[in-house]
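Below, each chain spelled out in residue letters.
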Amino acid sequence: MTDTIEGLPVDPALVAEAAALAEGEAAARHAELAARIVEANEAYYADAPILEDAEWDQLFRRLVALETAFPELATPDSPTRGVGAKPTTTFDEVRHRRPMLSLANAFSHDELRAFDGRVRRGLDMPAPPEPAPDLRYVAELKIDGLAVTLRYERGRFVQGATRGDGLTGEDVTANLRTIATVPERLTEPVSLDARGEVYMPKAEFARINTEREEQGLPLYANPRNSGAGSLRQKDPAVTAARQLATWSYQLIEDEAAGTPQLASQSAALERLETLGFTVNPNRASGLDIDDVIEFTDAWRERRHELPYETDGVVVKVDRFDQQDRLGMVSRAPRWAIAYKYPPEQVETVVEDIVPYVGRIGTLTPVAYLRPTKVAGSTVARATLHNLDEIRRKDIRVGDHVILQKAGDVIPEVVRSLPDKRTGDERTWDMPAACPVCGTAIVRDEGAVRHYCPNPACPARVSQEFGTFVGGMDIEGAGWKTLEQLLQTGLVKRRGDFFRLSVEDLEGLDRFARKSAENLHANIRKARRRPLERLIASLGIPQVGWTTSIELAHWLAAEVPQREDWLVRAAATLRDVAASQPDRFEEIEGVGPTVAAALAAWFAPGGAGEGVLEDLADAGVEVELPAPRAPAGDGPLAGKTVVVTGSIEGYSREAAEAAVRSAGAKPAGSVSKKTDYVVAGPGAGSKLAKAQELGVPVIDGGDFERLISGELS
Ligand code: IVH
């Protein structure tokens, strides 16, 4: 499939398709793809991926193809700039001048005392409990963020990197420059490396998650992940929009005449401050191990009041000459240790378990807890995930349970305390009927999930509308607005959004004339969106972004008349769903499962019945994707090939890509129009169908000969 220019995967078929676009359209599509990839990368770094790898690859390839056809679109801020194929390799490497070490951990006071014992032995000092007056420790809060090293030359910030594997990190200079606490210039023209932690304040973490929730995006798990995600952005503007900050804790000054020789960590911290770095004030020096233990105890609870996350205390031998004598073992210094607070656990009571109904009807049991303070905030609810989980942990309504915050952020019910039962507890079961609409709840054979099958269930509907509003990019319509619109009955169907007047909106809580006008204008703007966006916003089960793009192409080809296009498209989808559901497998990448989901959604009586007609009636129009260039040159130009079973050395996707680059069209189902069926081990009904129809069957082992043209 791929040539490689400058290390990027270039798909000739996609390039041809891109080249057929008008300039303005190419630019618009580029902006949309780039935004989508940036968003996906961000989510990926934050451990909350929103795209499958294969989907990401596809989008990325399309972007590369657009930039190949329209080189002026390859601006420096494009996600393709300086990139390998994966977001993990998007930064230049920086070799650290000195390795960035990690620390050994201690989880108890005893382990801290054992550390003190080792340090004393290493320094030929008397074992505890003898005093060791020449040995003093510094205690610093351990900041839960991302370690970085900042390089300054003659007082100017020149380069910043992440820790990476300790020897080589990633060059994130541009992003670090956007952080207010990274000084651009020091107070003295010195050359040095300053190391510290980049972190996201708790309030910023909360703000971003609220915003993401409003937009229906997956939430970041904790401030560390979202901080790391925000720093490792290809576009510094994204980093700049996040309120990141730093605490510096290590100074490595270049040796130069006139530079004062620092004798200790406590002196280094002070010098860092003098030079203009932010150094955490919550530290103590001149400590013996008892003082250290006291320090850890003092911060155990208080740390939750800080505006940033700390997960422990770093204890360091203060004097540098002693540090040098102690040296290191396996890339961790012998002179320091990280004391980690255990996740705080508290006891509470499960007062109730309530099932919540999600967008596709899934019932998620949520524990209502006696409100309890844990790790700095009051927790009153925690998800119990599903019924199997409740059974496994044997959690009953009325139970005393142990609650903790996983990663100190997400509340989790760890276990029940059966010894505390009085006999009044009751085991919980999924309701037989949906708590919202009363429809009988279903659990599919062998599945963990229970769900409400009623597509009109109000709980499902409000989630569904959320997906729609987010998908169609109706700016300024958050959950609160949406709920009001549904409750007041102003919005009953998706099309109703586009029927709202300024006055309707002005009547909502928290809306004034101006905000109503703004939202109204945003809704008008959303009336015309690319077809694939409209499809993705429908929330059809199994249909993600990639399938939406492919369905859009298929549908655009299927419905050639442009007049009243959306209405015609709706009729086509309904007919195919009702009488030829297998035809959905003609859509690239769509197999039987997705085809069945599409058929179920678009069929008469399905969740999608009347949806597109209603949107068309409300004035919604779509931008159709440009027709794909006919299969280009290649040994199999113009042919249709079905690949079934497993082909050695190829994933399904790679095999289809190879078919495409040979000029043929890969198809999902066998028909009289199929030119070849490639059947590897495991081929089933498609092989049978080919034999039945007399379509030539190529053995999987001959796949490469087929695509190189040797067989045709
Ligand atoms: S000193 C050799 N001080 O914790 C010295 N590290 O678990 C190495 N960290 O990789 C680091 N706060 O990312 C040090 N006050 C502090 C710290 C700190 C957080 C991080 C740092 C390190 C990790 C080790």
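This section reports on the structure supplied with the text. (Residues numbered from 1 in each chain as written. Predicted model: local features only at pLDDT ≥ 70, side-chain atom pairs only at ≥ 80, totals over all residues. Heavy atoms only, no water.)

**Some remarks on the overall build of the protein chain**
Now for step 1: Along the backbone of the protein chain there are 24 helices and 28 strands.
Now for step 2: Across its three principal axes, the protein chain shows a C-alpha extent of roughly 90 × 70 × 60 Å.
Now for step 3: Looking at the protein chain residue by residue over its 712 residues, the buried ones come to 50%.
Now for step 4: For the protein chain, contacts bridging at least 24 residues in sequence account for 67% of all contacts bridging at least 6. (Helix = DSSP H or I, 4+ residues; strand = E, 2+ residues; numbered from the N terminus. Buried < 20%, exposed > 50% of the residue type's maximum accessible area, 1.4 Å probe, protein only. Contact = heavy atoms within 4.5 Å.)

**Some details on helix H10 (residues 289-302)**
The α-helix winds at 3.6 residues per turn, so residues separated by three or four positions along the chain end up facing the same way.
Now for step 1: Here H10 contains 14 residues, and its C-alpha end-to-end distance of 20 Å stays within 8% of the 20 Å for a straight helix at 1.5 Å per residue.
Now for step 2: Among all positions in H10, only Ile289, Val292, Ile293, Phe295, Thr296 and Trp299 are buried. Down the axis of H10, the smallest arc covering the buried residues is 155°, so these residues share one side.
Now for step 3: Among the structural elements, helix H4 (109-122), strand S5 (137-143), strand S11 (283-287), strand S12 (310-317) and strand S15 (336-340) are those in contact with the buried residues of H10. (Expected span 1.5 Å × (residues − 1). Arc of directions from axis to C-beta.)

**Observations regarding the site of the ligand**
Now for step 1: As a structural note, the neighbourhood of the ligand is formed by 13 residues, with Glu140, Lys142, Ile143, Glu197 and Lys316 the closest of them.
Now for step 2: Between Glu140 and the ligand, the recorded distance is 2.9 Å, taken from a side-chain N or O atom to a nitrogen atom.
Now for step 3: One of the backbone nitrogen or oxygen atoms of Ile143 is found 3.0 Å away from a nitrogen atom of the ligand.
Now for step 4: Across the complex, the protein chains shield 90% of the 520 Å² of accessible surface that the ligand would expose by itself.
Now for step 5: Those elements that place two or more of their residues in the shell around the ligand are S5 and S12.
Now for step 6: Here the shell around the ligand gets four residues from one element, more than from any other, and that element is S5.
Now for step 7: Of the residues that constitute the shell around the ligand, the class distribution is nine nonpolar, no polar and four charged. (Near = heavy atom within 4 Å. Polar contact = N/O pair within 3.5 Å; in protein donor to acceptor, adjacent residues only side chain to side chain. Areas by Shrake-Rupley, 256 points an atom, 1.4 Å probe, with all protein chains shown as cover. Nonpolar A, V, L, I, M, F, W, Y, C, P; charged D, E, K, R; others polar.)

**Details of the environment of Ser669**
Now for step 1: One can find Ser669 in the loop between strand S26 (665-667) and strand S27 (676-679).
Now for step 2: Given the relative accessible area of 22%, Ser669 is considered partly exposed.
Now for step 3: C-alpha of Ser669 to C-alpha of Arg527: the two residues are 142 residues apart in sequence and 35 Å apart in space.
Now for step 4: Excluding anything up to four places from it in sequence, Ser669 contacts Asp582, Glu585, Val642 and Thr674.

**Details of the sheet that holds strand S10 (residues 245-253)**
Now for step 1: Read from one edge of the open sheet, four strands run S7-S6-S9-S10, paired in antiparallel fashion. Strand pairing shows two members of the sheet lacking a second neighbour, strand S7 (156-162) and S10, which therefore form its edges. When the angles between neighbouring strand axes are averaged without regard to direction, this sheet yields 25°.
Now for step 2: Lying on the sheet, helix H9 (residues 265-275) is in contact with strand S9 (192-199) and S10; it crosses S10 at an angle near 115°. (Pairing = 2+ DSSP bridges. Axes fitted to C-alpha atoms, helices over the stretch in contact; angles between N-to-C directions.)

**What to know about the pattern of salt bridges**
Now for step 1: Taken as a whole and judged by the stated rule, the model has 45 salt bridges.
Now for step 2: Taking the shortest distance from any N to any O, the salt bridge between Arg151 and Asp193 comes out at 3.1 Å. Taken together, the residues span a long stretch of sequence, with Arg151 in strand S6 (residues 146-153) and Asp193 in strand S9 at a distance of 42 residues.
Now for step 3: Residue Arg151 is classed as buried on the basis of its relative accessible area, which comes to 8%.
Now for step 4: Where Glu253 meets Arg271, a salt bridge forms, and the shortest distance between an N and an O atom there is 3.0 Å. Residue Glu253 is found in strand S10, and its partner Arg271 is found in helix H9; the two are separated by 18 residues along the sequence. Just as Glu253 is buried, Arg271 falls in that class too.
Now for step 5: Linked by salt bridges that have partners in common, Arg97, Arg151, Glu153, Asp193 and Asp254 make up one network. (Salt bridge = Lys/Arg side-chain N within 4 Å of Asp/Glu carboxyl O.)

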